[in-house]
Amino acid sequence: MRVIKVFILSSILFATLYSCSPLKKLESSETAALASYANQNYQQAYSQLLAVINNYKTANQKVPYPVYLKTAHSASKLDNASSAIQYYAEALDDSVTVDAVKDYLLNMNKLGNTAQTNAALNKYSDFLNNNGQREYLVNQQFSQALLTNDDSAIAELYPQLKSTSEEQSMAYLKALENTDKNKEALSFVNKLLDENPSYLEAKEWKAVYYYNKAEDQYQSLMDAYNKDKNYTTYVYLKRDLKKVTEDFKISRELFEELRKENLEETKYIKYLKNIYLRLEMKREAAAMEALQ
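Residues numbered from 1 in each chain as written. Predicted model: local features only at pLDDT ≥ 70, side-chain atom pairs only at ≥ 80, totals over all residues. Heavy atoms only, no water.

Our focus in this paragraph is the overall build of the protein chain. When you go through the protein chain residue by residue, the secondary structure sums to 15 helices and zero strands. In terms of overall size, the protein chain is more extended than a compact globule, its C-alpha atoms giving a radius of gyration of 34 Å where 292 residues would be expected to give roughly 19 Å. Considered along the principal axes of its C-alpha atoms, the protein chain spans approximately 135 × 35 × 30 Å. Counting the 292 residues in the protein chain, one finds 37% classified as buried. For the protein chain, restricting intrachain contacts to residue pairs at least 6 apart in sequence, the fraction spanning at least 24 positions comes to 46%. About 17700 Å² of surface is accessible on the protein chain, with carbon and sulfur atoms providing 50% of the total. When the 36 basic and 38 acidic side-chain charges of the protein chain are each reduced to a single mean position, those positions are 3 Å apart. (Helix = DSSP H or I, 4+ residues; strand = E, 2+ residues; numbered from the N terminus. Rg over C-alpha atoms; globule rule 2.2 N^0.38 Å. Buried < 20%, exposed > 50% of the residue type's maximum accessible area, 1.4 Å probe, protein only. Contact = heavy atoms within 4.5 Å. Areas by Shrake-Rupley, 256 points an atom, 1.4 Å probe, with all protein chains shown as cover. Lys, Arg positive; Asp, Glu negative; His and termini not counted. Charge placed at Lys NZ, Arg CZ, Asp CG, Glu CD.)

Next up, the structure:
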């Protein structure tokens, strides 16, 4: 009987001590924080979870993965990107999940730190690839390449995109141009306009391309002829100018289409005036002159 009484008293004492212990308080505060999180009260949950993390560290206890993850997610919901990044990093050191990596990168993008974002993309690229996120990864890498004007990366990544916007397509076109891949650029813009005739920026690129090509050839031919004017060189000049004329006609047609879309754009007027002069369309050139 005495043993039983001692056992009961010990149990009561243990329960009393536990209820007053830091571990019990920690468990209670964590439960309250998780309840706030479950109710999507992210402002309150964030404050409570920060206190829970501090309590774990004070007690020299390892902070559980879910606590870091929910703290990070609460910060993200509150648009506190820097804190979200901090706590996602803590969570990812413990366990890596697709959702955590994506939200981690989302908050990095909010801060616009391209170096930090690229480092994270490199770190988790294999994980994303191996977990069915190849398309997401390529889109993220392409976005970073756009931000840093990395023409080589843009040219490499664009063909891997499953769907593209006009902005992405133009970035790829200009990357090809900037890396002296003019034939590839022309081939691409022709295909792009066949599939997307409403892409006016691409149409302008093509119009300018043919204008510059024709104008450069025209000036080169005229310079050569003016250095040695005779019947033979004149015959050659007339022959070669026919090829140049075809390029001017392509450019003219495109600029005329562009001008219909935007009658106020003065650069179209200037281009058309010069093209009309080259094609000996004096009346049309005079009409453009009057608009300048």
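Now that the structure has been shown, the text picks up again.
A few words now on the environment of Ser 36. For Ser 36, the location among the structural elements is in helix 2 (residues 22–38). The spatial distance from the C-alpha of Ser 36 to the C-alpha of Tyr 46 is 8.8 Å, given a sequence separation of 10 residues. Residues within four places of Ser 36 in sequence aside, it is in contact with Asn 41, Gln 44, Ala 45 and Gln 48.

Formed by 33 residues in total, the largest nonpolar core has its most connected members in Tyr 104 and Leu 105. Top contributing element to this core by residue count: helix 3 (residues 42–58), with seven residues. (Core = buried A, V, L, I, M, F, W, Y, C linked by side-chain atoms within 4.5 Å.)

Looking at the element boundaries, Leu 50 is found in helix 3. Between the C-alpha atom of Leu 50 and that of Ala 33, which follows or precedes it by 17 residues, the distance is 9.3 Å. With near-sequence residues (within four places) excluded, Leu 50 lies in contact with Thr 71 and Tyr 87.

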